[in-house]
Amino acid sequence: EQLFRKVNNIPYSDILFVVFGNMRKYKGIERIVQAFERFQQGLVEKNAHLYIIGPARYELKLKNVSGVNLIQGRLSESVLNSILKASDASVFNFNPDSFLTSGSVMKSLSVDLPVVAPRIGCLESYLVDDFSVTFDASNPLGLEQALQEASQRLVGNDKARKAASSFARTRS
């Protein structure tokens, strides 16, 4: 798992968030980058990285933000799993009007990866504090605040990883 961090010069002490899957407009990728940039500006003693991974199904309009990296295209399952296992949390920002369920959220949990996601749809019923940070999608600062909470509560938390894995096993 740590090979990804080593190859990309990301110290274990740095925060590593990941967004993955098919990039579609309803996933709010641009808003994730904006929230990440504001979150990152508030960091004092740590550095943070955001990796956005997957094939883009529309023209992503991402501004150049330090610490944000885009890997376009589909990765093999083993490469994706190694990136996810090296990450501290996966981040989601679904549009409430276009969302039913997420395979990417369940994929995260199945590889012991805690989740940051909006309180909408079915996510509201199964993302619990043990392994996730949820936010109000209608709050303009909700995602940024969730990233701050995740950096304090989920990063480096082995109990959160075990709870994510345990939940995913009960759902499969």
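Everything that follows concerns the structure shown earlier in this document.
Reading guide: rules and limits
- Residues numbered from 1 in each chain as written.
- Predicted model: local features only at pLDDT ≥ 70, side-chain atom pairs only at ≥ 80, totals over all residues.
- Heavy atoms only, no water.
- Helix = DSSP H or I, 4+ residues; strand = E, 2+ residues; numbered from the N terminus.
- Rg over C-alpha atoms; globule rule 2.2 N^0.38 Å.
- Buried < 20%, exposed > 50% of the residue type's maximum accessible area, 1.4 Å probe, protein only.
- Contact = heavy atoms within 4.5 Å.
- Areas by Shrake-Rupley, 256 points an atom, 1.4 Å probe, with all protein chains shown as cover.
- Lys, Arg positive; Asp, Glu negative; His and termini not counted.
- Charge placed at Lys NZ, Arg CZ, Asp CG, Glu CD.
- Core = buried A, V, L, I, M, F, W, Y, C linked by side-chain atoms within 4.5 Å.
- Pairing = 2+ DSSP bridges.
- Axes fitted to C-alpha atoms, helices over the stretch in contact; angles between N-to-C directions.

Undergrad: Hey, could you run me through the overall build of the chain in this one?
TA: Along the chain, the regular secondary structure elements total 7 helices and 6 strands. Going residue by residue from the N terminus, the α and β elements of the chain occur as α-β-α-β-β-α-β-α-β-α-β-α-α. For 172 residues, the compact-globule estimate of 2.2 N^0.38 gives 16 Å, and the chain sits close to it at 15 Å. Evaluated residue by residue, the chain yields a buried proportion of 49% over its 172 residues. Taking all contacts inside the chain whose residues are at least 6 apart in sequence as the whole, residues at least 24 apart take part in 66%. Carbon and sulfur atoms provide 46% of the accessible area of the chain, an area that totals close to 8800 Å². Each charge class in the chain can be summarised by its mean position, and for the 21 positive and 17 negative side chains these summaries are 5 Å apart.

Undergrad: I tried to follow the nonpolar core on my own but got confused; where do I start?
TA: Side chains of nonpolar character tend, in soluble globular proteins, to be buried together. In this structure, Phe-17, Leu-50, Val-116 and Leu-147 are the most contacted members of the largest nonpolar core, which totals 29 residues. Secondary-structure elements contributing two or more residues to this core are β1 (15-20), α2 (29-41), β2 (48-54), β4 (89-91), β6 (132-135) and α6 (142-153). The leading source of residues in this core is α2, at 6 residues. When sequence neighbours within four positions are dropped, the list of residues in contact with Phe-17 reads Phe-36, Phe-39, His-49, Leu-50, Tyr-51, Ala-89, Val-91, Leu-147 and Ala-150. Core analysis: the second largest hydrophobic core is formed by 27 residues, Ile-83, Val-115, Ala-117 and Tyr-126 among them.

Undergrad: Would you take a moment to explain the environment of Val-111 for this structure?
TA: Its location among the elements puts Val-111 in the loop between α4 (103-110) and β5 (115-118). For the pair Val-111 and Asn-81, spaced 30 residues apart in the sequence, the C-alpha separation amounts to 7.1 Å. With residues up to four places along the chain from it excluded, the contact list for Val-111 reads Asn-81, Leu-84, Lys-85 and Arg-161.

Undergrad: What is the right way to look at the side chain of Lys-107 in this model?
TA: Mapped onto the fold, Lys-107 is located in helix α4. By relative accessible area, which is 17% here, Lys-107 ends up buried.

Undergrad: In this structure, what is going on with the environment of Met-23? I would like to understand it.
TA: Turning to its location among the elements, Met-23 is positioned in the loop between β1 and α2. Among the residues examined, Met-23 registers a relative accessible area of 0% and is labelled buried. Sequence separation between Met-23 and Ile-52 is 29 residues; the distance between their C-alpha atoms is 8.8 Å. Met-23 has contacts with Ile-29, Ile-52, Ile-53, Gly-54, Pro-55, Ala-56, Arg-57, Tyr-58 and Leu-60, leaving out every residue within four places of it along the chain.

Undergrad: Where do I start with the sheet that holds β1 in this structure?
TA: Picture the strands of a sheet paired through backbone hydrogen bonds; they go either parallel or antiparallel. A sheet is described by the order of its strands in space; here 6 strands give the open sequence β3-β2-β1-β4-β5-β6, paired in parallel fashion. The open sheet terminates on both sides in strands that have one partner only, identified here as β3 (68-72) and β6. Pairs of neighbouring strands in the sheet enclose a mean axial angle of 25°, with direction left out of account. Of the strands in this sheet, β1, β2, β3 and β4 touch α2, which is tilted by about 170° from β2. This element, α6, spans β1, β4, β5 and β6 of the sheet and lies at about 165° to β6.

Scope: geometric values only; no functional claims are made or implied.
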